[in-house]
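This is what each chain is made of:
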Amino acid sequence: METWAGALWDRWVRHLAEAHHPQAEIRLESLRRPLSVFFRGVGGEAGRRFAVAERRIHEGRRTWRERLAGTGRLTELPHLTADELRLPAAIAHFPKRPLNRDLYFWLALLAAHFVPNGEPWWLANQRATAVALARYPAWQERYDRLVAASLALRPLPHQLPPVDAAVEEAIRAALRAPGSVRTFPASPRPPRPVMLWLMPQETDAAAARRRPPPTAKDGASSSAAAPIQTEATEDPGSQHGMLLAFRAESLLCWAEYVRVDRSLEDAEGDEAGRAAAQLERLALAEDSDPVASRVRMDLERPPAADADERLREGILLPEWDYRRGQYRPDHCRIDLPRDEAMPAPLPGQLRPLTQRLRAELERIRSERRPQAGQPEGDALDLDDWVRRHAELRSGCPVSAQPRYIDTPRTARDLSCLLLADVSLSTDAHADDAHRVIDVIRDALLVFTEAIEAAGDALAVAAFSSLGHAHVRYHRLKDFGERNGPAVRGRILALRPGDYTRLGAAIRHAADRLAATASRQKLLLVLTDGKPHDIDHYDGRYGIEDTRRALFECRRRGIRPFCVAIDREAADVLPYLFGHDGHVVVQRLGELAARLPRLYAELTRP
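Residues numbered from 1 in each chain as written. Predicted model: local features only at pLDDT ≥ 70, side-chain atom pairs only at ≥ 80, totals over all residues. Heavy atoms only, no water.

### Notes on the side chain of threonine 448
As for its placement among the helices and strands, threonine 448 is situated in helix H12 (residues 436–454). Take threonine 448: its relative accessible area is 2%, and that puts it in the buried class. A polar contact is formed between the side chain of threonine 448 and the backbone oxygen of leucine 445, at a distance of 2.9 Å. Non-local contacts of threonine 448, meaning those with residues more than four positions away in its chain, are made with Leu458, Val460, Asn483 and Ile491. (Helix = DSSP H or I, 4+ residues; strand = E, 2+ residues; numbered from the N terminus. Buried < 20%, exposed > 50% of the residue type's maximum accessible area, 1.4 Å probe, protein only. Polar contact = N/O pair within 3.5 Å; in protein donor to acceptor, adjacent residues only side chain to side chain. Contact = heavy atoms within 4.5 Å.)

Right, dumping it as structure tokens:
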């Protein structure tokens, strides 16, 4: 009875304290695509991604209802990072869905005009708000509705202490008239979060201190549904951490908080949850040291001091740094290991598919396309005949020679380079029997055999990387080299390893393509993930460098096209290759058959 009454009281108090309207909730996931289009349409950075903001402890003043219910400390604050716009996972502040939806779009509009130049966060938000409303005055009415609805949820200034009241008055004035508040009152505590503003980004250390303690949802235990009585205590530090001032056999229960490093086994279990459930009272203390349940180590990681060094020998390439807006000269080195493997025949299971695809490409090679307006041909050009007849009837001079339609055999003038990603992620299993690298090897074998029937110049390469000084470019087949057992042996000897420095590999492949004399040049990129390497080549930095390398390709007359075998990479491919410059293969087993047919579509005259 007491437990039931306590749970009922807890639900009632929380409902009274929280401004939450589940019936009007809008989730970020449902708006991710329209928000992305809107953000870029109003001038936001194309490389910035949308992500869910972490729940953090906020030390602003809470209402008496929130203090009574024990709520209001954890909140998802919208803010900008170097690569992302982080927004709440769901918004249900207002009782009407259109207002909650407008709040998402307003935060995206504000972020598109937010320029953090070192000024205080409250001044930067005012400046961004004024610029956004000046550029898009149609948003003024929606903004006024959002301000009125948000102010109704904030505490009234006369109900606050004098210091907090002055801060609240300044926030209200800044929301009603952006740019009118030039000085902000000092306060010993941060103000209550402003839902229409982007909050300042905390440092990693401060963010770690403000992260909430892990809950039952964060762990593997499923038995933590029962309420556990807790009490707050002080962190005793590491003094006498392993000193027992009593006989161990007299220990009957756990009662006091002792700071002991608890080992984590590989197997996930419910021992910790069961032990906590048996305690009469569980003591909790705030610990400033970050704790990770998994440690990721890379023993081959180069020192950070070498991350910006300028190399001096080898095949050197620049790299684009979007933060500086300039290239890092001679920043990447291309290694050209010539993988001399044992010659090998074509595997028997691939021969039927290869013969079928060769026949399809041979038909493309012998295809004849009709050309109108020729002095000689197989048929009369009816369009020319109608034009001549009309000119004759109108009294205009008529050309003396009729025109015909001819279907000559056209010669293809095309070079293609297939660049395959063989990073360590390709070691994952595509199905129960095959890994991703096995599927890639089969696709390369079938592709080289089938394209030989088209008579086009073809080169095949694979790449991986381990830092900017070691970008390995495996030449599996060069231009002018005949396909045969040696090429097949190199392809079959491919092994996955290391990381994906896509920009450097594309630049070197483009150099090889540009050296050919063909009129048309096609660069096919086969990859299973996003750009990533160990020396900070990830996130937006890797994406922007890859995008710059692809822009250089197009400027040199090379058409890049991506064949992706990872659905999770599909969100960044339109930004890198364009909407018509990529395709995602949903079933990896179809890659070997899909790749030559895709080549035929891309190179059809």
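There's plenty left to go through after this.
### Some remarks on the packing of aromatic side chains
Applying the stated rule across the entire model yields 11 aromatic pairs. For the ring pair tyrosine 537 and tyrosine 541, a centre distance of 5.9 Å and an interplane angle of 80° mean the geometry is edge-to-face. Since its relative accessible area comes to 0%, tyrosine 537 is described here as buried. One aromatic cluster in this structure is built from Phe38, Phe105, Trp106, Trp139 and Tyr143. In this structure, arginine 142 is placed above the aromatic ring of tryptophan 139, and the distance from its NZ or CZ to the ring centre is 5.1 Å. Positioned over the ring face of tryptophan 320 is arginine 548, at 4.0 Å from the centre of the ring. (Phe/Tyr/Trp six-rings, centres within 6.5 Å; stacked < 30°, edge-to-face > 60°. Lys NZ or Arg CZ within 6 Å of the ring centre and 35° of its normal.)

### With respect to the packing of helix H6 (residues 140–151) against helix H7 (residues 162–176)
Interaxial distance between H6 and H7 falls to 10 Å at its minimum, and their mutual angle equals 160°. Classed by the angle they form, the pair H6 and H7 counts as roughly antiparallel. The two elements H6 and H7 meet at a crossing, and its hand is left-handed. On H7, the residues that touch Tyr143, Val147 and Leu151 of H6 are Arg172, Ala174, Leu175 and Arg176. In terms of residue class, the contact of H6 with H7 is built from 5 nonpolar, no polar and 2 charged. (Axes fitted to C-alpha atoms, helices over the stretch in contact; angles between N-to-C directions. Parallel < 35°, antiparallel > 145°, perpendicular 65-115°, else oblique. Left-handed = near helix turned anticlockwise from the far one by under 90°. Nonpolar A, V, L, I, M, F, W, Y, C, P; charged D, E, K, R; others polar.)

### Remarks on a nonpolar patch on the surface
Where nonpolar side chains cluster on the molecular surface, the patch consists of Leu380, Leu382, Trp385 and Val386 and spans about 410 Å² of accessible area. Per-element accounting of the nonpolar patch gives the leading share, 3 residues, to helix H11 (residues 382–393). Positionally, leucine 382 belongs in helix H11. Residue class for leucine 382 comes out exposed when judged on its relative accessible area of 57%. (Patch = residues over 30% accessible without salt bridge, like charges linked within 9 Å, V, L, I, M, F, W, Y side chains within 5 Å. Areas by Shrake-Rupley, 256 points an atom, 1.4 Å probe, with all protein chains shown as cover. Salt bridge = Lys/Arg side-chain N within 4 Å of Asp/Glu carboxyl O.)

### Examining the sheet that holds strand S20 (residues 582–584)
Here 8 strands make up an open sheet; going across it, the order is S10-S11-S17-S16-S15-S18-S19-S20 and the pairing mixed. The two strands at the open ends of the sheet, each matched to only one other strand, are strand S10 (315–321) and S20. Across the sheet, the mean angle separating the axes of adjacent strands is 25° when strand polarity is ignored. As judged from the 6 bridges shared by S10 and strand S11 (residues 326–335), these two strands associate in the antiparallel manner. Considered in S11, the bridge of glutamate 319 is made with arginine 328. (Pairing = 2+ DSSP bridges.)

### Some points on the sheet that holds strand S5 (residues 79–80)
Taken together, the 3 strands give an open sheet; going across it, the order is S2-S6-S5, and neighbouring strands pair in mixed fashion. Edge positions in the open sheet fall to strand S2 (49–52) and S5, since each of these has one partner strand only. Sheet topology places S5 next to strand S6 (residues 84–87); 2 bridges connect them, and they run antiparallel. Bridge pairing in S6 links leucine 80 to leucine 85. Against the sheet, helix H2 (residues 28–41) makes contact with S2 and S6, and its axis sits at roughly 150° relative to S2, the strand it touches most.

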